[in-house]
Amino acid sequence: MLKVYGRRSAFNVQKVLWLIGELGLEHEHHDVGGAAGGLDAPAFKAMNPHGRIPVIDDGGRVVWESHTILRYLAARHARAPYWQDDAGLRARAEGWMDWTLATLQPDFLRGVFWGFYRTPIDQRDMEAVNAKVAAVARHMAVMDDVLAGSRFLAGDRITLADIAAGTAMYRYFNIDIARPDVPHVERWYRELIVRHAYQQHVMVRFDDLFGRLDY
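Here's a quick rundown of the structure. (Residues numbered from 1 in each chain as written. Predicted model: local features only at pLDDT ≥ 70, side-chain atom pairs only at ≥ 80, totals over all residues. Heavy atoms only, no water.)

Structural notes on the pairing of strand S3 (residues 55-58)
Basically, it comes down to this: When accessible area is computed with a 1.4 Å probe and restricted to protein chains, residues below 20% of their type maximum are described as buried, those above 50% as exposed, and intermediate ones as partly exposed. Put simply, DSSP H or I for four residues or longer makes a helix, DSSP E for two residues or longer makes a strand, and each gets a number counted from the N terminus. When DSSP finds two or more bridges between two strands, those strands count as paired.
Burial of S3 is two-sided: the residues Val55 and Asp57 facing one way and the residues Ile56 and Asp58 facing the other way are all buried. Where strand S1 (residues 2-5) meets S3, four bridges bridge the pair, whose relative direction is antiparallel. Bridging across to S3, Tyr5 finds its partner in Val55. Examined bridge by bridge, S3 and strand S4 (residues 61-64) share four bridges and lie antiparallel to one another. Bridging across to S4, Asp58 finds its partner in Arg61.

Some points on the sheet that holds S3
Cut-off, in case you're wondering: Only the contacting stretch of a helix is used when fitting its axis, a line to C-alpha atoms as for every element, and angles between N-to-C directions run 0 to 180 degrees. Between two residues, a contact is recorded if the distance between any of their heavy atoms is within 4.5 Å.
What the four strands build is an open sheet, ordered S2-S1-S3-S4; its pairing is mixed. Since the sheet does not close on itself, it has two edges, and those belong to strand S2 (27-30) and S4, each with one partner. When strand polarity is set aside, the average angle formed by the axes of neighbouring strands in this sheet is 20 degrees. Packed onto the sheet, helix H1 (residues 11-23) meets S1, S2 and S3 and runs at close to 155 degrees relative to S1.

Points about H1
Counting along an α-helix, one turn takes 3.6 residues, and residues three or four places apart therefore face a common direction. Short version of the rule: Here a helix's expected span is defined as the number of its residues, less one, multiplied by 1.5 Å.
Its 13 residues place the ends of H1 19 Å apart at the C-alpha level, agreeing with the 18 Å of an ideal helix rising 1.5 Å per residue. By the criterion of burial, H1 is predominantly enclosed, with 10 of the 13 residues buried. For H1, the complete set of buried residues consists of Phe11, Asn12, Val13, Gln14, Lys15, Val16, Leu17, Trp18, Leu19 and Ile20. Just downstream of H1 lies Gly24, where phi reads positive at about 65 degrees.

Let's talk about the packing of aromatic side chains
Our working definition: Pairs were defined over the aromatic rings of Phe, Tyr and Trp, the Trp ring being its six-membered one, requiring ring centres within 6.5 Å. Orientation was assigned from the angle between planes: stacked under 30 degrees, edge-to-face over 60, tilted for the rest.
Under the counting rule described, the total for this entry stands at 11 aromatic pairs. Measuring from ring centre to ring centre gives 5.8 Å for Phe108 and Tyr172, while their planes differ by 75 degrees; the resulting arrangement is edge-to-face. Placement of Phe108 in helix H4 (residues 87-117) and of Tyr172 in helix H6 (residues 160-172) is noted, with a sequence separation of 64 residues between them. Judged by its relative accessible area of 1%, Tyr172 falls in the buried class. Arranged with centres 5.2 Å apart and planes meeting at 70 degrees, the rings of Tyr117 and Phe206 form a pair that is edge-to-face. Taken together, the residues Tyr117 in helix H4 and Phe206 in the segment after helix H8 (196-201) connect sequence positions 89 residues apart. Here Tyr117 matches Phe206 in class, with each residue buried. Each residue in the set Phe108, Phe113, Tyr117, Tyr170, Tyr172, Phe173, Tyr189, Phe206 and Phe210 is aromatic and connected to the rest through ring pairs, giving one cluster.

As for the nonpolar core
Formally: Within this scheme, the nonpolar core is defined by two criteria: the residues are buried Ala, Val, Leu, Ile, Met, Phe, Trp, Tyr or Cys, and they are joined through side-chain atoms within 4.5 Å.
Residues Leu73, Met169 and Trp188 are the most contacted members of the largest nonpolar core, which totals 71 residues. The residues contacting Met169, other than those within four sequence positions of it, are Leu104, Met140, Val185, Trp188, Tyr189 and Tyr198.

Side note on the packing of helix H5 (residues 126-147) against helix H7 (residues 183-193)
The following threshold applies: Our angle categories are set so that under 35 degrees counts as roughly parallel, over 145 as roughly antiparallel, 65 to 115 as roughly perpendicular, and the remainder as oblique. Under this grouping Gly is polar, as are all residues other than the nonpolar Ala, Val, Leu, Ile, Met, Phe, Trp, Tyr, Cys and Pro and the charged Asp, Glu, Lys and Arg.
Where H5 contacts H7, the axes come no closer than 7 Å and their chain directions differ by 75 degrees. Comparing the axis directions of H5 and H7 gives the class roughly perpendicular. Judged by residue contacts, Met140, Met143, Asp144 and Leu147 of H5 engage Pro183, His184, Val185, Arg187 and Trp188 from H7. Each residue belonging to the contact of H5 with H7 can be placed in one class, and the counts come to six nonpolar, one polar and two charged.

Some words on the pattern of salt bridges
Side chains that differ in charge, positive against negative, can pair when their charged atoms come close. Condition: The salt bridge criterion pairs a side-chain nitrogen of Lys or Arg with a carboxyl oxygen of Asp or Glu, the two atoms within 4 Å.
Here the structure, examined in full by the defined rule, presents nine salt bridges. Put simply, Asp98 and Arg71 hold a salt bridge, and the shortest N to O gap is 3.0 Å. Taken as a pair, Asp98 in helix H4 and Arg71 in helix H3 (residues 66-77) lie far apart in primary sequence, 27 residues in all. The exposure class assigned to Asp98 is partly exposed, which follows from its relative accessible area of 41%. With its nearest N and O atoms 3.4 Å apart, the salt bridge here joins Glu191 to Arg187. Of this pair, Glu191 and Arg187 both sit in helix H7, separated by four residues, roughly a single helical turn. Residue Glu191 is classed as partly exposed on the basis of its relative accessible area, which comes to 21%. For Arg187, a relative accessible area of 22% puts it in the partly exposed group. Connected through shared salt-bridge partners, Arg71, Glu94 and Asp98 make up one network.

What follows is the structure, encoded as structure tokens:
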């Protein structure tokens, strides 16, 4: 059986669980990281030498790194729209996946969510936070332009592009920061939040992370 290792409130774990939910894959979840610990355990380090989550074990095949896991699960278990045999169609979605990792996620997850939400109030560097909030606003404007002409990021059907970038939207729209007017992103987000797998795996309470840098 497919096994997933990581804490449910972890952003990158949520991406993997969301896709698993969309695909209807039977799986076991093993709570690792955060308060559960276990990242330095020899058995876990044998699966991922970097000691990071998420990790999956698919019948003895171990895969780590969230977007690599998304690609693996889609290639192994899915068909269109999550997996495309056509390289051009795959590249359209994978461009957004790589953009999420290289651009959106560092500015939002590290710069805003960690720098603002997870940092104790008296330790926040608000000049740095505000710069990242502005950077994320620019990213949202780009996405808004794309979504003005497309139901989802890579076309008219949900793809791995939406899994990768869409996981951030629940936190983005539910923390106390300034946000630009992005009606097409908001429309896309409303489409995501009615999906059962998104509700189950992404719309997870994260208030226990407020002001906490310890995990």
